[in-house]
Amino acid sequence: MNALLLAAEGEPQPPLLPHLDELVIGLIAFVIVFGFLAKKLLPNINKVLVERREAIEGGIEKAESAQIEAQSVLEQYKAQLAEARHEAARLRQEATEQGTAIIQEMKAEGQRQREEIITAGHSQIEADRKAAAASLRQDVGKLATDLAGKLVGESLEDTARQSRTIDRFLDELEEKAEAVR
């Protein structure tokens, strides 16, 4: 308005204020450009913004579903891990029990073999003792017969008599030994 008043008074118009006709033409051009942009460009911009928002929301939904699926898989893995640990503990327990059973069996087998060896040793010792006693009996009998023959002055070569004399003598010795015990 100031420009209209100044123009009416005839004074020169300041350089920064536009002329009225330029202002009207500029305003019409602005409305035309704004209308064109509003009709052509704004729908495209809105369309791109809507697509972007939908893509972001879809991505968020996908991320949430992926997170839920990952949580489900994690729970399954945890369950499988717990089951595997339980199975490992059970196998360790079974192995320990089997090891204990094997140790007990080996001890029993060792004890049985020890008893067999001791029994065989006692049998061998008894057989050796009997063989030594028989051999000793023969040697003592021979010496006794020789000594008796020297004392009596005649030979006691008769085997049957010799055997009876030796047996009687050794039996008397055994009886005296048992009486002393």
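Here, the structure is the one placed above.
Residues numbered from 1 in each chain as written. Predicted model: local features only at pLDDT ≥ 70, side-chain atom pairs only at ≥ 80, totals over all residues. Heavy atoms only, no water.

Draft legend 1. A look at the overall build of the chain. Secondary structure assignment for the chain yields 3 helices and 0 strands. In the form shown here, the chain has an accessible surface area of approximately 15,900 Å², with 62% of it arising from carbon and sulfur atoms. (Helix = DSSP H or I, 4+ residues; strand = E, 2+ residues; numbered from the N terminus. Areas by Shrake-Rupley, 256 points an atom, 1.4 Å probe, with all protein chains shown as cover.)

Draft legend 2. Examining a negative patch on the surface more closely. There is a patch of like negative charges on the surface, built from Glu51, Glu54, Glu57, Glu61 and Glu64. Counting through the fold element by element, Glu54 comes out in helix α2 (residues 20-152). (Patch = residues over 30% accessible without salt bridge, like charges linked within 9 Å, V, L, I, M, F, W, Y side chains within 5 Å. Salt bridge = Lys/Arg side-chain N within 4 Å of Asp/Glu carboxyl O. Lys, Arg positive; Asp, Glu negative; His and termini not counted. Charge placed at Lys NZ, Arg CZ, Asp CG, Glu CD.)

Draft legend 3. Inspection of the layout of surface pockets at higher detail. Approximately 290 Å³ is the volume found for the largest pocket. Taken together, Arg129, Ala132, Ala133, Leu136, Arg137, Val140, Leu170, Leu173 and Glu174 form the lining of the largest pocket. Where the lining of the largest pocket is concerned, the elements lending two or more residues are α2 and α3 (159-180). Sorting elements by how many residues they give to the lining of the largest pocket places α2 first, with 6 residues. A per-class count over the lining of the largest pocket returns 6 nonpolar, no polar and 3 charged. (1 Å grid on protein atoms, 1.4 Å probe; cavity = no way out; pocket = protein on both sides within 12 Å on 5 of 7 lines; lining within 4 Å. Points joined across faces, edges and corners; volume = space filled by probe spheres on them. Nonpolar A, V, L, I, M, F, W, Y, C, P; charged D, E, K, R; others polar.)

Draft legend 4. Main features of the pattern of salt bridges. Evaluation of the coordinates by the stated rule reveals 6 salt bridges. For the salt bridge of Glu109 with Arg112, the shortest nitrogen-to-oxygen distance reads 2.3 Å. Residue Glu109 and its partner Arg112 are located together in helix α2, separated by 3 residues, close to a single helical turn. Residue classification places Glu109 among the partly exposed residues on the basis of a relative accessible area of 31%. Residue Glu126 pairs with Arg129 through a salt bridge whose shortest N-O separation is 2.5 Å. Here Glu126 and its partner Arg129 are both found in helix α2, 3 residues apart, which amounts to about one turn of the helix. (Buried < 20%, exposed > 50% of the residue type's maximum accessible area, 1.4 Å probe, protein only.)

Draft legend 5. Structural view of the packing of aromatic side chains. A complete count under the given rule lists 1 aromatic pair for this structure. When the ring of Phe30 is compared with that of Phe34, the centres are 6.1 Å apart and the planes differ by 20 degrees; the resulting orientation is stacked. Pair noted here: Phe30 and Phe34 are both in helix α2, with a separation of 4 residues, about one helical turn. (Phe/Tyr/Trp six-rings, centres within 6.5 Å; stacked < 30°, edge-to-face > 60°.)

Draft legend 6. Region of interest: a nonpolar patch on the surface. Taken together, the side chains of Val33, Phe36, Leu37, Leu41, Leu42, Ile45 and Leu49 make up a nonpolar region of the molecular surface, amounting to roughly 620 Å² of accessible area. Positionally, Ile45 belongs in helix α2.

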